[in-house]
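# Structural description and commentary
Okay, here's what each chain looks like letter by letter:
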Amino acid sequence: MTQKKGLGMGLDALIQSRTRKEPEKDTGRDDDARIQEVIREVKKNPRVTLWSARSAAVLRYLKKTQPEFSISREASALIEQAVRNKYPDIWELFSEL
């Protein structure tokens, strides 16, 4: 039996239903300014990098066995669903994206 650690779980960590305390908000800066800064950054580079051997294996297997399967499209859908479910209030802040 393999023991899973929080670091290095990548996509598995996002998909698994875990209860984690949301980081406390930094009130030292205007929220609107922070949101606009994040939007500018994400428009320049929307890429998310993560590491997960098991998830990579599953997605590559699907790519080899299902015609027209897109790893990027599937990974994006899974990540978006997990983030939307875990952080619905923050998700709404970026509805323009």
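Residues numbered from 1 in each chain as written. Predicted model: local features only at pLDDT ≥ 70, side-chain atom pairs only at ≥ 80, totals over all residues. Heavy atoms only, no water.

## Some remarks on the overall build of the protein chain
Counting its secondary structure elements, the protein chain contains five helices and zero strands. Starting at the N terminus, the α and β elements of the protein chain follow one another as α-α-α-α-α. Of all 97 residues assigned to the protein chain, the portion counted as buried reaches 14%. Pairs at least 24 apart in sequence give 64% of the contacts found in the protein chain among residues at least 6 apart. Of the roughly 8600 Å² of accessible surface on the protein chain, a fraction of 52% belongs to carbon and sulfur atoms. (Helix = DSSP H or I, 4+ residues; strand = E, 2+ residues; numbered from the N terminus. Buried < 20%, exposed > 50% of the residue type's maximum accessible area, 1.4 Å probe, protein only. Contact = heavy atoms within 4.5 Å. Areas by Shrake-Rupley, 256 points an atom, 1.4 Å probe, with all protein chains shown as cover.)

## Remarks on the side chain of Ser55
Looking at where Ser55 falls in the secondary structure, it is placed in helix α3 (residues 53–65). Judged by its relative accessible area of 9%, Ser55 falls in the buried class. Among the polar contacts made by the side chain of Ser55, one reaches the side chain of Ser52 at a distance of 2.9 Å. (Polar contact = N/O pair within 3.5 Å; in protein donor to acceptor, adjacent residues only side chain to side chain.)

## Some remarks on the pattern of salt bridges
For the structure shown, the criterion picks out two salt bridges. The shortest N-O distance in the salt bridge between Glu96 and Lys43 comes to 4.0 Å. Of this pair, Glu96 sits in the segment after α5 (88–93) while Lys43 sits in helix α2 (residues 31–44), placing them 53 residues apart in sequence. There is no split in this pair, since Glu96 and Lys43 are both exposed. (Salt bridge = Lys/Arg side-chain N within 4 Å of Asp/Glu carboxyl O.)

## Some thoughts on helix α4 (residues 71–86)
Note that an α-helix has 3.6 residues per turn; residues three or four places apart therefore point the same way. Spanning 16 residues, α4 covers 22 Å between terminal C-alpha atoms, matching the ideal 22 Å at 1.5 Å per step. What α4 keeps buried is the set Ala75, Ile79 and Ala82. With its buried residues spanning 65° around the axis, α4 presents them on a single face. Seen from the open side of α4, the exposed residues pointing more than 90 degrees away from its buried face are Arg73 and Asn85. (Expected span 1.5 Å × (residues − 1). Arc of directions from axis to C-beta.)

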